[in-house]
Amino acid sequence: MRKVIITVAITFLSFSGIAQKFDLQVNGYKPVVYQMDSIPALELFNRARSWADLTYKTPALVDTFNLEEKSITVSGYAVREMKYSMHNYDFKYQIFIKFKDGKYQLNFEVGDMYTSNGDKSYSDYHSFFKKDGSLKYYGETAKISLDTYFNTLADDIYTWITKVPESVLEEEVKEVEEEW
């Protein structure tokens, strides 16, 4: 049953607007660049900032909004989203978004992982891989669950940036101007 659900999720994501772009490897995730023709970097930054403000209601999780460098860093904590063996684990992660005129770069970093009772389980995702870079038996399930989680986040960010309501964006621009 789980294999059917995972297969359906992967199939759905592969046909969605973003598709499976993030694929966990031994060295982590590689950044993905999204082309956003004719949208200035500052506007992309403001749109992504509004997404982060609405998605992460705890300001401490949004590490930095760097207007000068046009970048955003967010720390997150996912509860019971990573499947490994027969268990679900929590994990910390970071989102890195950089902006240039007409495009933005998105990347994720997987942090520490925890059991459901809060005990630290695996120091990082490297435990899913063998020395030769291939996946361990249970590592495949963990990788799929992480890839699905981050691809869903990437799709959410992309959708928000491309379809953010103008009223929300106008409020965000006013706030940025007031900070200066």
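Just so it is clear, the model here is predicted, and its values are computed rather than measured.

### Remarks on the overall build of the protein
Item 1. Scanning the protein from terminus to terminus reveals four helices and five strands.
Item 2. Listing every helix and strand of the protein by position from the N terminus yields α-β-α-β-β-β-β-α-α.
Item 3. Looking at the protein as a whole, 40% of its 180 residues are labelled buried.
Item 4. At a minimum sequence separation of 6, the contacts of the protein that also span at least 24 residues come to 59%.

### Digging into the pattern of salt bridges
Item 1. Counted according to the given criterion, the structure contains five salt bridges.
Item 2. Close ionic contact of Lys-143 with Asp-23 constitutes a salt bridge, the shortest N to O distance being 2.3 Å. Of this pair, Lys-143 sits in helix 3 (residues 139–163) while Asp-23 sits in the loop between helix 1 (2–15) and strand 1 (32–35), placing them 120 residues apart in sequence.
Item 3. The partner of Lys-143 in a salt bridge is Asp-147, with the nearest N and O atoms 2.5 Å apart. One end of the pair is Lys-143 and the other is Asp-147, both in helix 3 and four residues apart, which spans about a single turn.

### Focus: the nonpolar core
Item 1. Among the nonpolar cores identified, the biggest contains 43 residues, and Phe-91, Ile-95, Leu-106, Phe-128, Leu-146 and Phe-150 are the most heavily contacted of them.
Item 2. Mapped onto this core, the elements with two or more residues apiece are strand 1, helix 2 (41–55), strand 3 (71–84), strand 4 (87–100), strand 5 (103–114) and helix 3.
Item 3. The dominant element in this core, judged by the number of residues it contributes, is helix 3, at nine residues.
Item 4. Leaving out residues up to four positions away in the same chain, Leu-146 has contacts with Leu-24, Tyr-29, Met-82, Phe-91, Val-110, Met-113 and Phe-128.

### A short note on unusual backbone geometry
Item 1. The phi dihedral of Ser-38 falls on the positive side, at around 65 degrees, and the residue is not glycine.
Item 2. Judged by relative accessible area, Ser-38 falls into the exposed class, the value being 75%.

### Observations regarding the side chain of Asn-107
Item 1. Within the secondary structure, Asn-107 sits in strand 5.
Item 2. A distance of 3.4 Å separates the side chain of Asn-107 from the backbone oxygen of Tyr-29, its partner in a polar contact.
Item 3. For Asn-107, the contacting residues outside a window of four places in its chain are Phe-22, Tyr-29, Lys-30, Pro-31, Gln-94, Ile-95 and Phe-96.

### Examining the side chain of Asp-90
Item 1. Among the structural elements, Asp-90 can be located in strand 4.
Item 2. Here Asp-90 sits buried without a salt bridge, and the closest side chain of opposite charge, Arg-80, lies 5.8 Å off (N-O distance).
Item 3. A polar contact of 3.1 Å, which involves the side chain of Asp-90, links it to the side chain of Tyr-77.
Item 4. When residues no more than four places from it in sequence are discounted, the contact partners of Asp-90 are Tyr-77, Ala-78, Val-79, Arg-80, Asp-112, Met-113, Tyr-114 and Thr-115.

### What to know about the confidence of the model for the protein
Item 1. When pLDDT is averaged along the protein, the result is 79; 76% of the residues meet or exceed 70.
Item 2. Per-element averaging of pLDDT across the protein places helix 1 at the bottom with 42 and strand 1 at the top with 95.
Item 3. Across residues 172–180, confidence stays below pLDDT 50; counting only partners more than four residues off in sequence or on other chains, it has 10 contacts.

### A few points about the packing of helix 2 against helix 3
Item 1. Contact geometry of helix 2 with helix 3 gives a least axis separation of 9 Å together with a crossing angle of 125 degrees. The angle between helix 2 and helix 3 falls in the class oblique. Seen from above, helix 2 lies across helix 3 with right-handed handedness. Residues Leu-44, Arg-47, Ala-48, Ser-50, Trp-51, Leu-54 and Thr-55 of helix 2 pack against Leu-153, Asp-156, Ile-157, Trp-160, Ile-161 and Thr-162 of helix 3.
Item 2. The class makeup of the residues in the contact of helix 2 with helix 3 is eight nonpolar, three polar and two charged.

Cut-offs used in this document
- Residues numbered from 1 in each chain as written.
- Predicted model: local features only at pLDDT ≥ 70, side-chain atom pairs only at ≥ 80, totals over all residues.
- Heavy atoms only, no water.
- Helix = DSSP H or I, 4+ residues; strand = E, 2+ residues; numbered from the N terminus.
- Buried < 20%, exposed > 50% of the residue type's maximum accessible area, 1.4 Å probe, protein only.
- Contact = heavy atoms within 4.5 Å.
- Salt bridge = Lys/Arg side-chain N within 4 Å of Asp/Glu carboxyl O.
- Core = buried A, V, L, I, M, F, W, Y, C linked by side-chain atoms within 4.5 Å.
- Polar contact = N/O pair within 3.5 Å; in protein donor to acceptor, adjacent residues only side chain to side chain.
- Lys, Arg positive; Asp, Glu negative; His and termini not counted.
- pLDDT = per-residue confidence, 0-100.
- Axes fitted to C-alpha atoms, helices over the stretch in contact; angles between N-to-C directions.
- Parallel < 35°, antiparallel > 145°, perpendicular 65-115°, else oblique.
- Left-handed = near helix turned anticlockwise from the far one by under 90°.
- Nonpolar A, V, L, I, M, F, W, Y, C, P; charged D, E, K, R; others polar.

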